[in-house]
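# Chains, contacts and geometry: an overview
This is what each chain is made of:
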Amino acid sequence: MPIIVNLDVMLARRKVRSRELATEIGISEANLSLLKSGKVKGVRFGTLARICAALDCQPGDLLEYRPGGEDDDADEGA
């Protein structure tokens, strides 16, 4: 997928553990782990907003687009 999730980088920069963030934003550690690994197909804006508030960052700090990845043209018709 051409969207790269840099949540682990931001957690390290802020010196916050995944468990702490999951508790603060109200999602399970398992779901946060899936998000960190990029194994999710989407994220709710509410969840993204809570992550950004907790880590004092912008969505662009967490998500990156790299062209040429698999599924690059999959959403062209959407």
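Here the structure is shown first, and the text comes after it.
Below you will find a few notes about this structure. (Residues numbered from 1 in each chain as written. Predicted model: local features only at pLDDT ≥ 70, side-chain atom pairs only at ≥ 80, totals over all residues. Heavy atoms only, no water.)

## Focus: the packing of helix 2 (residues 18-25) against helix 4 (residues 45-55)
Heads up, the rule is: For helices, the fitted line uses only the C-alpha atoms of the stretch in contact; every axis is such a line through C-alpha atoms, and the angle between N-to-C directions lies from 0 to 180 degrees. Strands are runs of DSSP state E lasting at least two residues, helices are runs of H or I lasting at least four, and both sets are numbered from the N terminus onward. An angle below 35 degrees is treated as roughly parallel, one above 145 as roughly antiparallel, one from 65 to 115 as roughly perpendicular, and anything else as oblique. The hand of a helix crossing depends on one turn: near helix anticlockwise from the far one by less than a right angle means left-handed, and clockwise means right-handed. We call two residues in contact when some of their heavy atoms are within 4.5 Å. Residue classes follow a fixed rule: Ala, Val, Leu, Ile, Met, Phe, Trp, Tyr, Cys and Pro count as nonpolar, while Asp, Glu, Lys and Arg count as charged, and any other residue, Gly among them, counts as polar.
At a minimum axis distance of 10 Å, the contact between helix 2 and helix 4 shows a crossing angle of 120 degrees. The orientation of helix 2 with respect to helix 4, classified from their angle, is oblique. Note on packing geometry: the crossing formed by helix 2 with helix 4 is right-handed. For the pair helix 2 and helix 4, contact is made by Leu 21, Glu 24 and Ile 25 and by Arg 50, Ile 51, Ala 54 and Leu 55, respectively. Classifying every residue of the contact of helix 2 with helix 4 gives five nonpolar, no polar and two charged.

## Overview of the environment of Thr 23
Threshold: For each residue, the accessible area found with a 1.4 Å probe, counting protein chains only, is set against the maximum for its type, and the residue is called buried under 20%, exposed over 50%, and partly exposed in between. Pairs of N or O atoms are called polar contacts if they sit within 3.5 Å, as long as, within protein, a hydrogen donor faces a hydrogen acceptor (for residues adjacent in sequence, only side-chain-to-side-chain pairs).
Counting through the fold element by element, Thr 23 comes out in helix 2. Look at Thr 23 and you get exposed, because its relative accessible area is 63%. Within the structure, the side chain of Thr 23 is placed 3.0 Å from the backbone oxygen of Arg 19, a separation counted as a polar contact.

## Section: unusual backbone geometry
Unusually for a residue other than glycine, Lys 15 sits at a positive phi of about 55 degrees. Positionally, Lys 15 belongs in the loop between helix 1 (7-14) and helix 2. Overall, the relative accessible area of 75% leaves Lys 15 in the exposed class.

## Some thoughts on the nonpolar core
Worth spelling out the cut-off: In these notes, a set of buried Ala, Val, Leu, Ile, Met, Phe, Trp, Tyr and Cys residues joined through side-chain atoms within 4.5 Å is what counts as a nonpolar core.
Counting residues in hydrophobic clusters, the biggest one holds 16 residues, and the most contacted among them are Leu 7, Leu 21, Leu 32, Ile 51, Leu 55, Cys 57 and Leu 62. For this core, the secondary-structure elements that each account for two or more residues are helix 1, helix 2, helix 3 (29-37) and helix 4. Not counting residues within four places of it along the chain, the set of residues in contact with Ile 51 comprises Leu 7, Leu 21, Ile 25, Leu 35 and Leu 62.

## What about the environment of Ser 37?
The topology assignment puts Ser 37 in helix 3. Its relative accessible area of 43% is what places Ser 37 among the partly exposed residues. A C-alpha to C-alpha distance of 7.2 Å links Ser 37 and Val 5, two positions 32 residues apart in sequence.

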